[in-house]
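In case you want the letters, here they are:
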Amino acid sequence: MSIHEHMQPFNRTRRYRFSQDALRLFHEVYQDARRTHGDRLPRSVADLSVLFTKNRTAVGQRYLDQEPLASGYLAYFLPVNFAKVQVLLDELPDDCVHRPRWSILDVGAGQGTASLACWDWLRRRGHGAASLRVTALDHSQAALAEAARLWDGYRLAVGATQGPLTTAVQQIEKFAEKTSVPLHGGPFDLIVIANVLNELYVGAADATALRALVLERLLSMLAPDGALMVLEPALRSTARALHETRDLLLARGACRVYSPCLHDRSCPALLKAGDWCHEERAWEPPEWIGQLDREVGFVKDALKFSYVILRTDGRTIVPRRPNVYRVVSELRVLKGEKRAWVCNEDGRSEIGRLDRRATAANASLDEWHRGAIVAVDQIVRKQREGTNAGLGRLAEDSAAAIVRPA
C-alpha cells in the first residue's frame with residue numbers, strides 16, 4: 001500500500017454489541033473453560049483456527065466431539081459466530097419481525113450458535129419463548145447436548161419458563177438424497193446453515209452440485225415468505241465455493257438472492273481467480289476474546305464472513321435498479337481521491353471521486369463502507385479506444401446516497 005493510501009475498513013458508526021444476557025452467559029462459559037483447561041485453552045483456540053483456515057483437508061473431522069477443542073470453540077468461536085448470525089438477522093425485512101410465530105431450523109447446529117442467536121435476537125424485539133420453535137440438527141450428539149445446556153442456561157438467565165428447542169442427530173449430507181426422512185416442524189420461517197456448507201463433500205469432484213442439492217432441499221422446506229441464510233468463512237476458497245453454489249441454484253431457478261447481491265446473474269467475483277466477495281462488520285468484542293487474542297496472537301478487530309440469503313418469493317433487500325450498488329470493498333483513501341469497488345447487475349466496477357470535486361450532493365461517498373448499499377445518479381467514465389474506462393468518477397453534480405448502511 002502506498003504511503004499516500006489507506007483503507008477505511010467498515011462502517012465506523014454502527015458496531016455490533018452483544019445483549020447483556022448473552023454476554024453474561026458466554027462469560028460464564030469462558031470462565032468454566034478456563035478453570036477446566038487453564039493454559040491449554042488458548043492452544044485449543046489456535047488449533048481450531050489452523051483447522052478452519054489452513055488444514056482444510058481435515059475440516060470435516062468431528063472436532064466438537066474432542067476435548068479441549070470443544071471448549072475452545074465454546075469460549076471463542078461460538079460468541080464470534082453468534083455475533084455474525086445476528087448481524088445478518090438485522091438484514092431481514094422489518095415486517096418479518098412482527099410475525100406472531102417463528103419456526104426456525106438450525107442446520108449443522110453444533111453447539112447451538114445460530115439457534116441461540118435467533119432466540120436472543122427475537123427476544124430483544126419482544127418475542128417470548130412461547131412464540132418460538134427451534135429445531136437444531138447436527139451429526140454430533142455431544143455438540144447437541146451442549147447446545148441444549150446453553151439453551152437452558154440462557155432460559156434461566158432471562159427468566160423464561162420454557163425453551164422450545166428440539167435437537168436431532170442428522171447427517172447433513174442426507175439432505176442431498178431423495179430418500180432422506182422428512183423433518184417435523186416445517187415449513188420454516190428461517191433456516192440457518194452457518195459455517196457448514198464448506199465442510200460438506202470436502203475433496204469431492206462434484207462438491208458444488210452436491211452442496212446445491214442440500215440447499216435446494218432446504219429451500220423446499222421454507223414457508224412461502226421464509227429465508228435461507230447461508231453463512232461461510234471469509235476465506236477465498238470457501239467464499240468462491242459459495243459463489244459457485246449460488247450460481248448453480250440461480251441457474252436452476254431454485255430461488256432468488258435476497259442479499260447481499262443486487263442481481264441474480266452469475267457472480268462477477270468468479271471471473272478472476274484471485275477475486276472473492278466477503279464482508280466486514282465492526283463490533284465490540286468481549287474482554288475475554290481480547291485476552292485470548294493476545295495469548296494466541298490474533299487480532300479480532302472485525303467480524304469477517306461470506307454469506308448469501310436466499311428466498312423463493314422474489315423479495316430482495318432493496319428494490320433493484322441500475323443505479324443502485326453494493327459496496328464490495330473498503331473505501332480507499334488516496335492522495336487527492338477516494339475510491340471503492342461496487343457491484344450490481346452490470347458487474348463489478350470501481351467508483352471514485354476527486355477531492356476537488358467534493359460537493360454536498362456527493363458527500364455521502366466519504367461514508368461508503370463494505371456492505372453498504374448506495375445509489376448514484378451519474379457516473380462519468382472516460383472513453384479509451386472506443387470503450388468505457390474501468391474507473392468511473394462522481395462529478396460535482398452527481399447525487400450519491402447511502403440507501404442502506406451495513
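Above this text you will find the structure in question.
Predicted model, so just to flag it, every value in this text is computed and none were measured. (Residues numbered from 1 in each chain as written. Predicted model: local features only at pLDDT ≥ 70, side-chain atom pairs only at ≥ 80, totals over all residues. Heavy atoms only, no water.)

Points about the packing of aromatic side chains
Under the criterion given, the structure shown has 14 aromatic pairs. An aromatic cluster of at least three residues, connected via ring pairs, comprises Y16, F18, F26, F82 and W283. One residue, R99, lies across the ring of W102, its end atom 5.0 Å from the ring centre. Sitting above the plane of the Y258 ring, R311 keeps its charged end 5.6 Å from the centroid. (Phe/Tyr/Trp six-rings, centres within 6.5 Å; stacked < 30°, edge-to-face > 60°. Lys NZ or Arg CZ within 6 Å of the ring centre and 35° of its normal.)

Topic: unusual backbone geometry
Leaving glycine out, the prevailing phi sign among residues is negative, and the prevailing peptide bond configuration is trans. In this model, E67 is joined to P68 through a cis peptide bond whose omega is 5°. Inspection of the secondary structure puts P68 in the loop between α2 (40–53) and α3 (69–89). Cis peptide bonds are those with omega within 30 degrees of zero, and the linkage from S259 to P260 qualifies with 5°. Locating P260 in the fold gives a position in the loop between β7 (256–259) and β8 (279–281). One non-glycine residue with positive phi stands out, namely N195, at about 55°. Along the chain, N195 turns up in the loop between β5 (188–194) and α6 (207–219). (Helix = DSSP H or I, 4+ residues; strand = E, 2+ residues; numbered from the N terminus.)

Some remarks on the side chain of D247
Of note, D247 is situated in helix α7 (residues 236–251). Of the residues examined, D247 reaches a relative accessible area of 16% and is grouped as buried. Residue contacts for D247: discarding those within four places in its chain leaves R265, S266, C267 and L270. (Buried < 20%, exposed > 50% of the residue type's maximum accessible area, 1.4 Å probe, protein only. Contact = heavy atoms within 4.5 Å.)

Focus: the environment of L200
Its location among the elements puts L200 in the loop between β5 and α6. A relative accessible area of 4% places L200 in the buried class. When the C-alpha positions of L200 and V214 are compared, they lie 9.6 Å apart, and in sequence the two are 14 residues distant. For L200, the residues in contact, after removing those within four places along its chain, are I172, E173, R211 and V214.

Some words on the side chain of R211
Topologically, R211 is positioned in helix α6. One buried charged side chain, R211, makes no salt bridge at all; its nearest oppositely charged neighbour is E232, positioned 6.3 Å away. Among the polar contacts listed, one links the side chain of R211 to the backbone oxygen of L200, at a separation of 2.8 Å. When neighbours within four sequence positions are excluded, R211 is seen to be in contact with L197, N198, L200, Y201, V202, A241 and T245. (Lys, Arg positive; Asp, Glu negative; His and termini not counted. Salt bridge = Lys/Arg side-chain N within 4 Å of Asp/Glu carboxyl O. Polar contact = N/O pair within 3.5 Å; in protein donor to acceptor, adjacent residues only side chain to side chain.)

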